[in-house]
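So you can see what is in the structure, the chains are spelled out below.
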Amino acid sequence: ASLAATALAYAPRLPAMLATISLMDRLGRRSLLLRFIPLMALSHLALAASLLHMASASSALPAAAAVVALCGYGVAFSLSLGPIPNILTSELFPMRARAAAMSVSLAAQFVCNTAVGAGFPALRASLGSGG
């Protein structure tokens, strides 16, 4: 069930990333940020509310609401803050340094994502799963 929920939570992100390509040029970064960052906040609030009710609920509704909130956050992130580091890196550096700057930027993103992914199991073990 956990793997299916993870796949379901990531499934809407691919169309959102593809939509970002055209929306970024048409609407601009600022407009996308102003529209989708509030949706990210609402998704966080919905996730928190569903997690609060998950322990006491006898139905699967809070768990389904949590997956929907994660999907909403993923889509909103893909349409707003997700592509910004790569776009800014490619715009900030001159053409002669752009390839090296993009390489360093992507390497830093991968290292940070790996650190979070590797550290999460230890953090979860020390804090408990909450259930």
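Provided above is the structure to which this section pertains.
Residues numbered from 1 in each chain as written. Predicted model: local features only at pLDDT ≥ 70, side-chain atom pairs only at ≥ 80, totals over all residues. Heavy atoms only, no water.

A. Representation of the overall build of the protein chain. Secondary structure summary: the protein chain contains 6 helices and 0 strands in total. Relative to the 2.2 N^0.38 estimate, which gives 14 Å for 131 residues, the radius of gyration of the protein chain is 18 Å and therefore markedly larger than a compact globule would have. Each principal axis of the C-alpha distribution contributes one length, and for the protein chain these read about 60 × 35 × 20 Å. When the 131 residues of the protein chain are sorted by exposure, 21% land in the buried category. In the protein chain, the share of contacts with a sequence separation of at least 24, taken over all contacts with a separation of at least 6, comes to 65%. (Helix = DSSP H or I, 4+ residues; strand = E, 2+ residues; numbered from the N terminus. Rg over C-alpha atoms; globule rule 2.2 N^0.38 Å. Buried < 20%, exposed > 50% of the residue type's maximum accessible area, 1.4 Å probe, protein only. Contact = heavy atoms within 4.5 Å.)

B. Here's a closer look at the environment of Tyr10. Position of Tyr10 relative to the elements: it lies in helix α1 (residues 2-10). Separated by 85 residues in the primary sequence, Tyr10 and Met95 place their C-alpha atoms 34 Å from one another.

C. Summary view of the packing of aromatic side chains. For the coordinates displayed, the defined rule picks out 1 aromatic pair. Between Tyr73 and Phe77, the ring centres sit 6.1 Å apart and the planes meet at 20°, which makes this aromatic pair stacked. One end of the pair, Tyr73, and the other, Phe77, are both in helix α4 (residues 61-79), 4 residues apart, so they sit about a helical turn from each other. You can call Phe77 partly exposed: its relative accessible area is 27%. (Phe/Tyr/Trp six-rings, centres within 6.5 Å; stacked < 30°, edge-to-face > 60°.)

D. Quick peek at the nonpolar core. Core analysis: the largest hydrophobic core is formed by 10 residues, namely Ala16, Leu23, Met24, Leu32, Phe36, Met40, Ala76, Leu79, Ile84 and Ile87. Those elements that place two or more of their residues in this core are α2 (13-27), α3 (29-54), α4 and α5 (84-92). The contact partners of Ile84, leaving out residues within four places of it in the chain, are Met24, Arg29 and Leu33. (Core = buried A, V, L, I, M, F, W, Y, C linked by side-chain atoms within 4.5 Å.)

E. Structural context of the packing of α1 against α4. In contact at an axis separation of 8 Å, α1 and α4 are set at 35° when each is read in the N-to-C sense. As for the relative orientation of α1 and α4, their crossing is right-handed in sense. Residues Ala5, Leu8 and Ala9 of α1 form the contact with α4, whose own contacting residues are Val67, Leu70 and Cys71. Grouping the amino acids of the contact of α1 with α4 by side-chain chemistry returns 6 nonpolar, no polar and no charged. (Axes fitted to C-alpha atoms, helices over the stretch in contact; angles between N-to-C directions. Left-handed = near helix turned anticlockwise from the far one by under 90°. Nonpolar A, V, L, I, M, F, W, Y, C, P; charged D, E, K, R; others polar.)

F. Focus on helix α6 (residues 95-127). In this model, α6 (33 residues) spans 47 Å end to end at C-alpha, consistent with the 48 Å of a helix rising 1.5 Å per residue. The sharpest bend along α6 comes to roughly 35°, located at Phe120, with the proline Pro121 sitting one to four residues further on. One or two steps after α6, the chain reaches Gly128, where phi turns positive at roughly 95°. (Expected span 1.5 Å × (residues − 1). Bend = angle between axes of the 7 residues up to and from the residue.)

G. Representation of a nonpolar patch on the surface in the model. Taken together, the side chains of Leu14, Met17, Leu18 and Ile21 define a hydrophobic patch exposed on the protein surface, amounting to about 420 Å² of accessible area. Tracing the backbone shows Met17 in helix α2. (Patch = residues over 30% accessible without salt bridge, like charges linked within 9 Å, V, L, I, M, F, W, Y side chains within 5 Å. Areas by Shrake-Rupley, 256 points an atom, 1.4 Å probe, with all protein chains shown as cover. Salt bridge = Lys/Arg side-chain N within 4 Å of Asp/Glu carboxyl O.)

H. Quick peek at the packing of α5 against α6. Two elements in contact, α5 and α6, have axes separated by 9 Å at closest approach and are oriented at 155°. Judged by the inter-axis angle, α5 sits roughly antiparallel to α6. In the crossing of α5 with α6, the sense of the turn from one axis to the other is right-handed. Residues Pro85, Asn86, Thr89 and Ser90 of α5 lie in contact with α6, whose contacting residues are Arg98, Ala101, Met102, Ser105, Leu106 and Gln109. Looking at the contact of α5 with α6 residue by residue, the class counts come to 4 nonpolar, 5 polar and 1 charged. (Parallel < 35°, antiparallel > 145°, perpendicular 65-115°, else oblique.)

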